[in-house]
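Chain by chain, the residues run as shown.
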Amino acid sequence: MIDRIADAGFAPAAAAVESGAIPCAALGVVDAAGRRAVRLTGHAALFPAPDPLTRDHWFDLASVSKVVATTTMILTLARAGRIDLDAPLASAIPDLRQYDIDGAPERRLTFRDCLSHRTHLPAVHPVYTYGDDPARLRAFVLQRAWPAGPAVYSDINFILLGIAIERITGQGLDAWPLGPGLSYSPAGPAVATEACTWRGRMLCGEVHDENAFALGGAAGHAGLFGTVDGVLDFAAGLLNDPDAHRDIRTRQAGHRTLGWELRHPGWSGGQACSSDTIGHTGFTGTGLWIDWTRGRAWTLLTNRVHPTRHRDSGIFALRPAVGDAVAGG
């Protein structure tokens, strides 16, 4: 059955590769019993030389890092009693807005606020344009008076969470044990992303996100790489983790849980999945979705930004088409 589901789900991805909309695609499906199926096609790189995609290639997971790594780390620390999710970030980062301790709104933000994207912080900011030293850029993020705005999905939320993890553990995010097939430094052939105008080279095996690169490669919002099997192993662990049922399936604000999104109209996972489905996507063309009712998870990994993000890859239609085929099977 799982092979039939994978075949149906992979059909629109294979068509997208065949049409040239995206260079490659890997689809992995796993169920609560541990059965899995993987399908892949296309090229991990077209430039500077063609490189056929294999199951061993590592994808830049982009913002899928937020849920696979950062959210997992925060919730693990919370379960161990080292973080109170409703405590302010300043409890772990006492120098956050240290020149306005009484008035700065950032000092009142909690871990839960940042995990569920219910802060005043902007969606993104070109932190990388302020210098080349990761420590200095962290200081910039911590001391900046961020302009007030409506609650939006924000990279800054997770950059702050990453800094909090570093402070609490005394180590970089890349020291956290994530399991085989997941790492901030790919341990095998990597899928190419973009010809970066800032760095002046085609990116392959180094993080695509400019801010994550400037912050040292491993940041709270991006930087993680994974193989299709590494992502599936993570998803299978969640399907069989009773703690995850409480932590990441509970609605916090709007359609957001702690770190993840719940199914909602027009979302990336399609509408055939159950209402008890969570997911997250990454800018490079990645995504992971978990349907608890069906006991099924799937990941779609592509390099839709290769060789440039400035083109229509069709990814926003492809993701729900794949999700509808997988969840409806």
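Residues numbered from 1 in each chain as written. Predicted model: local features only at pLDDT ≥ 70, side-chain atom pairs only at ≥ 80, totals over all residues. Heavy atoms only, no water.

Asks: How should the overall build of the protein be read in this particular structure?
Replies: When helices and strands are tallied, the protein shows nine helices and twelve strands. For 329 residues, the compact-globule formula gives about 20 Å, and the C-alpha radius of gyration of the protein, at 19 Å, lands near that figure. Counting all 329 residues of the protein, 57% fall into the buried class. Relative to all contacts within the protein whose residues are 6 or more apart in sequence, the contacts with residues 24 or more apart total 64%. A total accessible area of about 12,600 Å² is found for the protein, and carbon and sulfur atoms account for 54% of it. (Helix = DSSP H or I, 4+ residues; strand = E, 2+ residues; numbered from the N terminus. Rg over C-alpha atoms; globule rule 2.2 N^0.38 Å. Buried < 20%, exposed > 50% of the residue type's maximum accessible area, 1.4 Å probe, protein only. Contact = heavy atoms within 4.5 Å. Areas by Shrake-Rupley, 256 points an atom, 1.4 Å probe, with all protein chains shown as cover.)

Asks: What exactly am I supposed to notice about the environment of serine 275 here?
Replies: Mapped onto the elements, serine 275 comes out in the loop between strand S9 (261-262) and strand S10 (277-282). For the pair formed by serine 275 and isoleucine 5, sequence separation is 270 residues and the distance between their alpha carbons is 19 Å.

Asks: Is there a simple way to explain the packing of helix H4 (residues 134-143) against helix H5 (residues 155-169) in this structure?
Replies: In a pair of packed helices, the angle between the axes and the distance between the axes together describe the arrangement. It is at 11 Å that the axes of H4 and H5 come closest, and there the two elements cross at 115°. Every pair of crossing elements has a handedness; the one defined by H4 and H5 is left-handed. When H4 is examined against H5, the residues Arg138, Val141 and Leu142 are found in contact with a partner set consisting of Ile159, Leu160, Ile163, Glu166 and Arg167. For the contact of H4 with H5, the per-class residue count stands at five nonpolar, no polar and three charged. (Axes fitted to C-alpha atoms, helices over the stretch in contact; angles between N-to-C directions. Left-handed = near helix turned anticlockwise from the far one by under 90°. Nonpolar A, V, L, I, M, F, W, Y, C, P; charged D, E, K, R; others polar.)

Asks: Hey, could you run me through the confidence of the model for the protein in this one?
Replies: Detailed reading of predicted coordinates is not advised where the pLDDT is low. With 100% of its residues at a pLDDT of 70 or more, the protein has an overall mean of 97. Within the protein, helix H8 (residues 242-247) has the poorest average pLDDT of any element, 77, and strand S4 (residues 59-60) the best, 99. (pLDDT = per-residue confidence, 0-100.)

Asks: Help me understand the sheet that holds strand S5 (residues 182-183), please; the structure alone is not making it clear to me.
Replies: The pairing of strands in a sheet comes from backbone hydrogen bonds and takes either a parallel or an antiparallel form. Read from one edge to the other, the open sheet built from three strands follows the order S4-S8-S5, with strand pairing classed as antiparallel. Each edge of the open sheet carries a strand with a single partner, namely S4 and S5. By the bridge criterion, two bridges tie S5 to strand S8 (residues 225-226) in an arrangement that is antiparallel. Bridge pairing in S8 links leucine 182 to glycine 226. (Pairing = 2+ DSSP bridges.)

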